[in-house]
Every structure is written in structure tokens, then in C-alpha cells.
Amino acid sequence: MKIFFKWPPNATEEDKKLKDVATSYEGDIYCPDGPVRDDVIEHEKEHIEQYQTMGYEKWLEKCKADRDFLIDQEIKAYTAQLRYIQFHVGMREAKESIISFAKFLICQSEVNQW
Ligand SMILES: [Zn+2]
């Protein structure tokens, strides 16, 4: 796994409008705005694990086609991220992060188009 400070090769103009701080592509992590916190890297590592069996392209297609699958994958990635925050930063920060992650997931589940 490598970390690149640029957009992944498959990024579209739409992706760039969303301004993700980090994303993964084919087993590597891309941070277009420069270095990100270690807990964000943990989140992306979890996604990389998730698509080891089915492969990146199939996983991405499934995420786009099946919102429940996408939400499930995100909950697992945020869980890994929270675990990292809890052990390496602190419980208070983990509790604060739970709220912002939950808000993000609620937004994801309410959006009609990906
Ligand atoms: Zn994610």
C-alpha cells in the first residue's frame, strides 16, 4: 500500500467537487489535498481490506448500485477509524468523532443519487 498526494487515476470531475480528504484506489491511498490524519488512513485501509476478495472495480460498482452495501462498508470503515482514535488519541476525541461520522452516514443514506 502506498500513499499518494494527488487524485486517484479514476477520479471524475464530480468526485473532485465532493472534495474527499482521502480515498483508495486499487490498494493504494490517495490524499489530493496533502497529508491526512492517521485515523483517516485507517479508514481507507479498511476499505482496501473490504475489496481484497472481490477486487476494487466490482466493489466500487456494488457500492454505487447498492446503498445498503455502501452504508455497511462505511460503518465498518468508521468503526476501524474510531478504534484508532480511541486507542491513539483518546476517548473524548472518539466520542466527538462518533457524532460527526453518524451525521455523515445519515447524509449518505438520505442522498438519492450517488
Ligand atoms: Zn469510507
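One can find the structure itself at the top, above this paragraph.
Residues numbered from 1 in each chain as written. Predicted model: local features only at pLDDT ≥ 70, side-chain atom pairs only at ≥ 80, totals over all residues.

*Asks:* Help me out: how do you make sense of the overall build of the chain in this one?
*Replies:* In terms of regular secondary structure, the chain is built from 5 helices and 3 strands. Ordered by position from N to C terminus, the α and β elements of the chain give β-α-β-β-α-α-α-α. Here the C-alpha atoms of the chain give a radius of gyration of 14 Å, agreeing with the 13 Å that 2.2 N^0.38 yields for 114 residues. Along the three orthogonal principal directions, the C-alpha set of the chain runs to about 35 × 30 × 30 Å. Residues counted as buried form 11% of the 114 residues belonging to the chain. Counting contacts in the chain only where the partners sit at least 6 residues apart, residues at least 24 apart contribute 52% of the total. (Helix = DSSP H or I, 4+ residues; strand = E, 2+ residues; numbered from the N terminus. Rg over C-alpha atoms; globule rule 2.2 N^0.38 Å. Buried ≥ 20, exposed ≤ 12 C-beta atoms within 10 Å, placed from the backbone. Contact = placed C-beta atoms within 7 Å.)

*Asks:* Teacher, can you tell me more about the sheet that holds strand β3 (residues 28-30) here?
*Replies:* If you walk across this open sheet you meet the 3 strands as β1-β3-β2, and the pairing is mixed. One side of each edge strand has no neighbouring strand; the edge strands of this open sheet are β1 (3-4) and β2 (23-25). Those strands touched by helix α2 (residues 38-50) are β2 and β3, and its axis lies near 35 degrees from that of β2. (Pairing = 2+ DSSP bridges. Axes fitted to C-alpha atoms, helices over the stretch in contact; angles between N-to-C directions.)

*Asks:* Where do I start with the packing of helix α4 (residues 67-88) against helix α5 (residues 91-110) in this structure?
*Replies:* In helix packing, the relevant descriptors are the interaxial angle and the interaxial distance, both defined with respect to the helix axes. Two numbers describe how α4 lies on α5: the axes approach to 10 Å, and their chain directions differ by 170 degrees. One element, α4, and the other, α5, form an angle in the roughly antiparallel class. Between α4 and α5, the contacting residues are Arg67, Ile71, Glu74, Ile75, Tyr78, Leu82, Ile85 and Gln86 on the first element and Met91, Glu93, Ala94, Ser97, Ile98, Phe101, Leu105, Gln108 and Ser109 on the second. Here the contact of α4 with α5 is composed, by residue class, of 10 nonpolar, 4 polar and 3 charged. (Parallel < 35°, antiparallel > 145°, perpendicular 65-115°, else oblique. Nonpolar A, V, L, I, M, F, W, Y, C, P; charged D, E, K, R; others polar.)

*Asks:* Hey, could you run me through the environment of Glu42 in this one?
*Replies:* The residue Glu42 is located in helix α2 in this model. Glu42 sits in the partly exposed class, given 19 other C-beta atoms within 10 Å. Here the alpha-carbon distance between Glu42 and His88, two residues 46 residues apart in the chain, equals 12 Å. Beyond its immediate stretch of four places on either side in the chain, Glu42 contacts Ala80, Gln81 and Tyr84.

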